[in-house]
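Coordinate inspection notes
This is what each chain is made of:
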Amino acid sequence: MPQEYRQILKYADAPGYTPDVECYLRHGGYQILKKTLEIEPKALPDGKSMSPAEQVRDQVKLSGLRGRGGAGFSCGLKWSFVDRRSGKPIYLICNADESEPGTFKDKQIIHKDPHQLVEGMIISCFANDVHLAYIYIRGEFAEGARILNRALQEAREKNFLGKNILGKGYDLEIHVHRGAGAYICGEETGLIESLEGKRAYPRIKPPYFPAVLGLYMCPTIVNNVETLCAVKHVVDLGPSEYAKIGTPNNTGTRIVSLSGLVKRPGYYEVEVGKVTIRELIYDPIFGGGLRDGRQLKAVIPGGSSSKILKAGERFKLKRKGPDGKDVEQELDMLDLPYDFDSLIAAGSMSGSGAIIVLDDSTDIVAALSNLSEFYAHESCGQCTPCREGSLWMSKALHRMANGQGRKGDADYLLKIADNIPGGRTVCAFGEACSWPVQSCVTKFKDEFVARGTQDEERRAAGSK
Amino acid sequence: MSTNAKIETPPTPAPVEKIKVKVDGREVEVPKTMPDGVTGKPVPTTMIQACHAIKVEVPHYCYHPRLPVAGNCRMCLVEFGTPAMGPDRKPILNPDGTAKILKSPRPAIACATPISPGMEIYTNTPNVRFMREGILEFLLINHPLDCPICDQAGECKLQEYSVDHGQTSSRFAEIKVHKPKRVDLGPRIILDDERCILCTRCIRFTRDVVGDDALGIVNRGSYNTITAYPGKPFDNNYSLNTVDLCPVGALTSKDFRFQMRVWFLKETKSLCTSCGTGCNVVVGSREDRMFRYKPRENDSVNATWMCDHGRLNYRWIHNPERLVQVTVRNGAAATVSDWKSAMPQLAARLKSAAPGTVAVIGSARQTTEELFLLAKLARHFQAVTDSVPRTGPADHLLLNADRNPNSTGAVFTGLAATPMGSNLGKIAEGIRSGRIKTLIVFGEDVTRHGIGADLLARLDLLVASDILPNATTKLAHFVLPGCAHVEKRGTFVNVKGHVQKFMKAIEPKGDARAEVEFLKELLPTVTGWTAPRSLEGLFNQMAGEIPALQGVTWAALGDTGVRVQI
């Protein structure tokens, strides 16, 4: 039986649970921080010793925690890239820009359990010798920013923040910075530029890898809200216990934002890889199925930028059999376990954990036109392929969606989309704006061609 | 990210480690680091620099060696590979003993990607060509394609790369983005936002080189628009460099736009004469009319920039009042003469001047050769000599407080007093006392420098050579029309001792002649000394006689000059 596994959202929706510090403390809050600050240096067999911070970093690495923001990159590995010898301060930024359409998980944490994020951040900062951290929150989350500021103030009053935290000699300050409403501010280097007060143009990498040249050209860690909360649980459970949650290489829990044409849209925290897409859509405790009489058309599995999966698509996946050997298994799209690796193997991604369900009432041309318009509007316009390509695709799709299609528009769109991703752009927005077009047009080509043909015939017949 | 840099000669860098890379199969050895274009600090050598070293051109728009790297145009995308490493961190070898290359699945921008030992860069693969075509198509879909009325046509990177990488027809079936046209950015610049490809060269130059954060981008995505701060005109002394930097026709100079198609322009290497910096320029001229200055690269002087003050200071060359006739005056009557009859008269008059009764004032705007010949003449008469100092406010970049282009030359030739201008009073006194009876003035209106018309009227002989008429030429017994620098060849020595030559772009007006020419005619008769016939010979002769110029030859000056000790 599939079920929710509430770890991060354990108390979020509990009756009477409030976002203030007292409530958090009543539920065992800041105990993990205390535990972290009390870690003693560990003597190693080679005579060297491992500092408490190093030990926490080690735990996060061993836990296999992967970033919850979109790329699913190993959190421990990301931390290991930080240049700790530069002599410059190290910054940590919590990416609370949550702007991928379909995603609404960080909002739940921020609104309902802000202190969990604060505690997770303090632990992560301690682990990385950070003394100044920022929460970059999207401009639209005005209420979220207010809640976080209050939580930070409470934490300061309780000496979880500030100088000499809990008398353990560790100093940390956290500031909330509100964005002004741009998708690109969720891209880590765009976020850093924005935080520096500049236009959020993502930086070129090389040379501006945040771990070396990040905020104010200092080493910087940018982690998602959910990732930072998970760090708390890694330290709480210990890496090996944490890794038992979820599946190998896809450890822990994820909050899935389920939206679209299902009966029960909402957020569901599940063990990574223990639940399939089918279960998330159809199981009564999750999506509860499609509206009556509707057939599934497609699923956008990881935020609107991920490649669409068409109903009935089948994928060959390598999975570990019971004997530990790789077994190739053919799976229906719906039977893909909802984890990082399976969706990558299926040519898409679990991205920000946002599933958008489309049923057979969906006009795929209109849906793609809508998505594409979003990306054209949000392209920062710094580099050529994304700037010009995103609007070009959007205009073409808008034309198609409004009865001015052409038979050849499917190929026309693919040719535009093929010129954008794959390292041609400064940041991954190039992929974000072209993947939906590439996947939708390829997988639903008959619909696009039919639409164009129909439009051409109608125009030829003289009725506009 | 960067600081405002002063343009200085970069100090000779310590020898740096070299690394070998391959560009399109050809091996090239390049330094591991190279000086940053703005700060001069050593930074890792990039792919585009390695390609440049082996003369492989990687097309680009936003990259400029003198600006911080932006990496936004994506035109310079190349493919590359690096040596595959074994678990022992040693390169894996192919059966033939060469290093096994692991080709990167993703392309890289050549302008920002550092090279590494053994790297192979592929600038001409089908995939690279496909990417370039794609980028160019993207840049052109919203471009107005108004080349026939665009000033940049003929020197436009969009045009050039379209020929190399473009397609013959457009598949763009949508409506173009429309943006502001004819935007008055400031007193000297007009912006056409539809032509702009958003490479941000202008923004980076203004912010990082000039230190004036005047330009920026508003709006998002394809609607991005370059603009100046609202209500604040783009008006710094270097604004016109953005017109040069603009790879397309978005930024145009109010002075130059619609004046001349650039392919008709003859380009001549020359120097700016508006201050002691001596920025290297290219003069654009057609049919003996000069249309513009553009800065010419010289790392020791002006990098690739020049100031607006100097750039626009050329209109005087085509002033209709120019002196174009030799004039000889006897008493109150001035008569138009010609060189053939005036020169022997002048020589005869000068010959009879007694030593000690002559003064020579040569402008520090004259060429070193002219000043040298004037000094020869002066020495023959044991004349009192001087030049006129000319100063103005300096700025932080190129504009020097010394507004004479050749003060150092005037000092080197001995014509200028020390300090410059300190003999002007003595000359005035000499005329007043009747001791000085002959005054030779080149390129100055001495009535504005303490030798008034009343004094000039007392002289037995006043010889004036100039370009434009003034109170001094009005009173002169002999008016010898001279040449603007674009009408002749010569050298200037800048305030730091950089000896530079300039070439002739256009023919002189009317009877005007290069001063060196008529001075050379005059000298043998008056002094008995004959100057070398050619300008090259004259320069070399002068270099032999002036200690500071020892060993310098005309040929050695090349296009960018030679630095000497002041």
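Cut-offs and rules
Residues numbered from 1 in each chain as written. Chains lettered and ligands numbered in written order. Predicted model: local features only at pLDDT ≥ 70, side-chain atom pairs only at ≥ 80, totals over all residues. Heavy atoms only, no water. Contact = heavy atoms within 4.5 Å. Buried area = accessible area lost by both parts, 1.4 Å probe. Salt bridge = Lys/Arg side-chain N within 4 Å of Asp/Glu carboxyl O. Domains from an automatic or database assignment. Polar contact = N/O pair within 3.5 Å; in protein donor to acceptor, adjacent residues only side chain to side chain. Helix = DSSP H or I, 4+ residues; strand = E, 2+ residues; numbered from the N terminus. Nonpolar A, V, L, I, M, F, W, Y, C, P; charged D, E, K, R; others polar. Pairing = 2+ DSSP bridges. Axes fitted to C-alpha atoms, helices over the stretch in contact; angles between N-to-C directions. Parallel < 35°, antiparallel > 145°, perpendicular 65-115°, else oblique. Phe/Tyr/Trp six-rings, centres within 6.5 Å; stacked < 30°, edge-to-face > 60°. Buried < 20%, exposed > 50% of the residue type's maximum accessible area, 1.4 Å probe, protein only.

So, about the interface of chain A and chain B. Taken together, the contact between chain A and chain B spans 37 residues of the former and 41 residues of the latter. Together chain A and chain B conceal approximately 3,200 Å² of surface at their shared face, both sides included; 55% is due to carbon and sulfur atoms. Three residues stand out in chain A for area buried against chain B, namely Trp392(A), Asn419(A) and Arg424(A), and they jointly supply 20% of the buried area on that side. Here chain A is connected to chain B by 3 salt bridges.

This next bit is on the domain arrangement of chain A. Residues and elements named next belong to chain A. The assigned domain composition of chain A is domain 1 (21-244), domain 2 (255-359) and domain 3 (364-463). One C-alpha centre belongs to domain 2, the other to domain 3; they are set 25 Å apart. The interface of domain 2 with domain 3 comprises 12 residues on the first partner and 12 residues on the second. Across the domain 2/domain 3 interface, buried area totals approximately 1,100 Å², and carbon plus sulfur atoms make up 65% of it. Run the count over domain 2 and domain 3 and you get 2 salt bridges. Glutamate 447 is the partner of lysine 297 in a salt bridge, and the nearest nitrogen-oxygen pair spans 3.0 Å. Put simply, domain 2 and domain 3 have 7 residue pairs in polar contact (both at pLDDT 80 or more) between them. Those elements that place two or more of their residues in the side of domain 2 that touches domain 3 are β11 (296-300) and β12 (309-310). By residue number, the principal contributor to the side of domain 2 that touches domain 3 is β11, which donates 3 residues. Looking at the side of domain 2 that touches domain 3 residue by residue, the class counts come to 6 nonpolar, 2 polar and 4 charged.

Take the sheet that holds strand β26 (residues 562-563) of chain B next. Strand order in the open sheet formed by 3 strands is β24-β25-β26 (chain B), with antiparallel pairing between adjacent strands. Of all the strands in the sheet, just β24 (490-493) and β26 of chain B have a single pairing partner and so form its edges.

Looking at chain B, the domain boundaries give domain 1 (18-135) and domain 2 (327-563). On a C-alpha basis, the centres of domain 1 of chain B and domain 2 of chain B stand 54 Å from each other.

So, on to the pattern of salt bridges. Residue and element names in this part refer to chain B. Applying the stated rule across the entire model yields 68 salt bridges over all chains. Linking arginine 66 and aspartate 299 is a salt bridge whose minimum nitrogen-to-oxygen distance equals 2.3 Å. Highlighted residues: arginine 66 in the loop between α1 (47-53) and β5 (77-83) and aspartate 299 in the loop between β16 (289-295) and α6 (308-311), separated in sequence by 233 residues. We note a salt bridge from aspartate 255 to arginine 315, for which the minimum N-O separation is 2.5 Å. With aspartate 255 in the loop between β13 (251-253) and β14 (266-271) and arginine 315 in the loop between α6 and β17 (326-330), the pair connects residues that are 60 residues apart, well separated along the chain. Taken together, the shared-partner salt bridges in this structure form one network comprising Asp146, Lys181, Asp192, Glu194 and Arg195.

The subject of this paragraph is the packing of helix α15 (residues 409-418) of chain A against helix α17 (residues 445-460) of chain A. Residue and element names in this part refer to chain A. Where α15 meets α17, the axes come as close as 8 Å, and the angle between the chain directions of the two elements is 125°. When the axes of α15 and α17 are compared, the pair comes out oblique. Residue-level inspection shows Ala410, Asp411, Leu413 and Leu414 of α15 in contact with α17, the latter providing Lys445, Phe448 and Val449.

In this chain, Lys205(A) is followed by Pro206(A) through a cis amide linkage whose omega measures 0°. Topologically, Pro206(A) is positioned in the loop between α8 (188-195) and β6 (220-224). A cis geometry characterises the amide bond from Pro206(A) onward to Pro207(A), with omega recorded as 5°. With respect to the helices, strands and loops of the structure, Pro207(A) is situated in the loop between α8 and β6. For Gln382(B), which is not glycine, the phi dihedral falls at a positive 50°. Along the polypeptide, Gln382(B) turns up in the loop between α8 (368-380) and β20 (384-386).

Moving on, we come to the packing of aromatic side chains. The way to describe two aromatic rings as a pair is by their centre distance and the angle between their planes. For the structure on display, the rule yields 25 aromatic pairs over all chains. Taking 5.2 Å as the distance between ring centres and 80° as the angle between the ring planes, the aromatic pair formed by Tyr61(B) and Tyr161(B) counts as edge-to-face. Taken together, the positions of Tyr61(B) in the loop between α1 and β5 and Tyr161(B) in helix α3 (residues 157-165) put the pair 100 residues apart, joining distant regions of the chain. Residue Tyr61(B) is classed as buried on the basis of its relative accessible area, which comes to 0%. Overall, Tyr161(B) belongs to the buried group, its relative accessible area being 2%. On the numbers, 6.0 Å between centres and 35° between planes, the contact of Phe442(B) with Phe518(B) is tilted. Linking Phe442(B) in strand β21 (residues 438-442) with Phe518(B) in helix α13 (residues 515-527), this pair joins segments that are 76 residues apart in sequence. Members of the aromatic cluster, each reached through a chain of ring pairs, are Tyr183(A), Phe374(A), Tyr375(A) and Phe429(A).

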